[in-house]
Amino acid sequence: MPAAFDIRASHDQWFGSWLTNPDTLTTARPSGNSITAEIPWVHVDFDGHTTGPTEVTTTSRYATTHSGYTLDQRRQVLEALDSAYAPFNVRFTTDPNPFPGAGAYAGKLLIGATMTRNNLGLFGVPGIARSNSFRGTISNPVVAVQWNMNPRGATPPLTVAEVGFFAVHEIGHTLNLRHKGLLASSTERAEEYYGGHATAAGNRWVPWMGKAPVGVNVFPQWSRGDYFRNGRGSSDSVDEVAALTARLGLRPDDFPDSITGAMPTRVVGDGRFVSGTISTRTDVDLFRFQWNGGPLSLRVDPAGAVTTLGAQIAYGATDDISGLNLQMEILKSNGTPAFISSPTNSKGAAFTDLRLPAGTYFVRVDGVGEGSFAGPNSTGFDDYGSLGGYTLGGLL
């Protein structure tokens, strides 16, 4: 089998270079020019798993039937994993063979039509995971997700975006994260899974370790349990970003945070884009460009949505399931903001036919919140979990 490569093999690439082999999809966001950093990797198996000869019988054994997923559907699931885990040192690949420079094997994630545990079917359950098993010593699969929770048809099958959500959620359990729910009150029972809340702008926020999102414009994010419903707080106050950082480590910052170190852009209207990552709530990415005057069009979107000449083309599940809420600014040569785009009806931000005088400018990309978690009923979210990969493209 050929070595696996990154879906985005460099910060600057052509749309046409996306991989076409379903057995070598890898969602490792590169750090600089290094795409083979020695970081842990998880094998994602869509092709049906049969208990292997090295798997032990003294613990739960997970198995799945073939997912039947197309290449694009597999990409969507891996894009969801990449969206959630982009800031951290972990990669997901459909290639079971270690590739050059690969780090330690961390476990196997099964995606199938149906799943079993110790040869028994699990109906009505979207996924299952072995808690705190990441990089464990047992070779058994550590996670299984099924899209057909009830083969008799009583339960609608999961969408690919929902499968992606549960893949992220269950991997969280292997990293010792617990469910985010709600505490009980004098009139309401405790809830194991928090289903999220609507924002003032009509979007929806939900924790990755809560209930699967429904609807459009959903922002699933890592949480520290600072949301409220009817005055009830979270059942789990673990700071998930801190926990994941301690367990996995953060990827190195990919682009400078200040104008003094800002890199020149090569964002042009010929089909190229810049791929970056907002890895912490304080991370911003800056790019420098020299402008000769005339109309300027730029667009930044969560990774998974490709851009061309300022127009968005949906690609994969990430734009639906990304928790990254993007803001883009044009800064003057002295670093003061000249223009800002931070729409509430889109995860991305854009400038179209913006008239700029000739001169030196900077583009600043940031992950931001929308309102706050303040009680007694949260109607927004802050920038704590507004993290993930993005693509910046346009016409310069």
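Residues numbered from 1 in each chain as written. Predicted model: local features only at pLDDT ≥ 70, side-chain atom pairs only at ≥ 80, totals over all residues. Heavy atoms only, no water.

(A) Expanded view of the packing of helix α1 (residues 71–85) against helix α2 (residues 160–174). At a minimum axis separation of 8 Å, α1 and α2 run at an interaxial angle of 45 degrees. In terms of orientation, α1 lies oblique with respect to α2. Note on packing geometry: the crossing formed by α1 with α2 is right-handed. Counting all contacts with α1, which are made through Q73, Q76, V77, A80, L81, A84 and Y85, the residues of α2 involved are V160, V163, G164, A167, V168, I171 and G172. Class assignment for the residues of the contact of α1 with α2 results in 10 nonpolar, four polar and no charged. (Axes fitted to C-alpha atoms, helices over the stretch in contact; angles between N-to-C directions. Helix = DSSP H or I, 4+ residues; strand = E, 2+ residues; numbered from the N terminus. Parallel < 35°, antiparallel > 145°, perpendicular 65-115°, else oblique. Left-handed = near helix turned anticlockwise from the far one by under 90°. Contact = heavy atoms within 4.5 Å. Nonpolar A, V, L, I, M, F, W, Y, C, P; charged D, E, K, R; others polar.)

(B) Region of interest: the sheet that holds strand β8 (residues 127–129). Ordered in space as β4-β2-β5-β9-β8, the five strands form an open sheet in which the pairing is mixed. Where the open sheet ends on each side, the last strands, each with one partner, are β4 (91–93) and β8. In this sheet, adjacent strand axes meet at a mean angle of 20 degrees when their direction is disregarded. With four bridges joining them, strand β5 (residues 105–112) and strand β9 (residues 143–146) adopt parallel strand pairing. Paired with G112 across the strands is Q146, a residue of β9. Sheet strands in contact with α1 are β2 (41–45), β4 and β5, and its direction is about 175 degrees off that of β4. Across the sheet, α2 is in contact with β2, β4, β5, β8 and β9; its angle to β9 comes to roughly 160 degrees. (Pairing = 2+ DSSP bridges.)

(C) Highlighting the confidence of the model for the chain. When pLDDT is averaged across the chain, the result is 81; 79% of the residues are at 70 or more. Mean pLDDT per element in the chain: strand β1 (residues 12–14) is the minimum at 27, and helix α3 (residues 240–248) is the maximum at 97. Below a pLDDT of 50 lies the segment residues 28–36, which in the model reaches 26 contacts outside its immediate sequence neighbourhood of four places, other chains included. (pLDDT = per-residue confidence, 0-100.)

(D) Seen up close, the packing of aromatic side chains. Going through the model one piece at a time under the given rule, you end up with 15 aromatic pairs. A ring pair is formed by F219 and F381, whose centres lie 5.1 Å apart and whose planes are at 40 degrees; its orientation type is tilted. Highlighted residues: F219 in strand β12 (residues 218–221) and F381 in the loop between β22 (359–367) and β23 (388–395), separated in sequence by 162 residues. With relative accessibility at 1%, the residue F219 sits in the buried group. Three or more aromatic residues link up through ring pairs in this structure, and these residues are Y85, F92, F165, F166, W208 and W222. (Phe/Tyr/Trp six-rings, centres within 6.5 Å; stacked < 30°, edge-to-face > 60°. Buried < 20%, exposed > 50% of the residue type's maximum accessible area, 1.4 Å probe, protein only.)

(E) Quick look at the pairing of strand β16 (residues 294–302). Among the nine residues that make up β16, seven are buried, leaving the element largely enclosed by the rest of the structure. Bridging between β16 and strand β21 (residues 349–356) involves six bridges; their strand directions are antiparallel. Across the sheet, L296 pairs through a bridge with L354, a residue of β21.

(F) How the structure looks around the sheet that holds strand β6 (residues 115–117). Sheet architecture is open: three strands sit in the order β3-β6-β7, paired in antiparallel fashion. Two strands lie at the open edges of the sheet, namely β3 (62–64) and β7 (120–121), each paired on one side alone. Pairing analysis gives two bridges linking β6 to β7, with the strands arranged antiparallel. Bridge assignment links R117 to a residue of β7, and that residue is L120.

(G) Examining α3 more closely. All of the buried residues along α3 are E240, V241, L244 and L248. Seen from one end, α3 has its buried residues packed into an arc of 100 degrees, which puts them on one side. Where α3 is buried, its residues touch α1. Trailing α3 by a residue or two, G249 shows a phi angle of about 85 degrees, which is positive. (Arc of directions from axis to C-beta.)

(H) Region of the structure containing the environment of K332. Topologically, K332 is positioned in the loop between β19 (326–331) and β20 (337–341). For K332, a relative accessible area of 43% translates into the label partly exposed. Other than its neighbours up to four places away in sequence, K332 contacts A338, T360, Y361 and F362.

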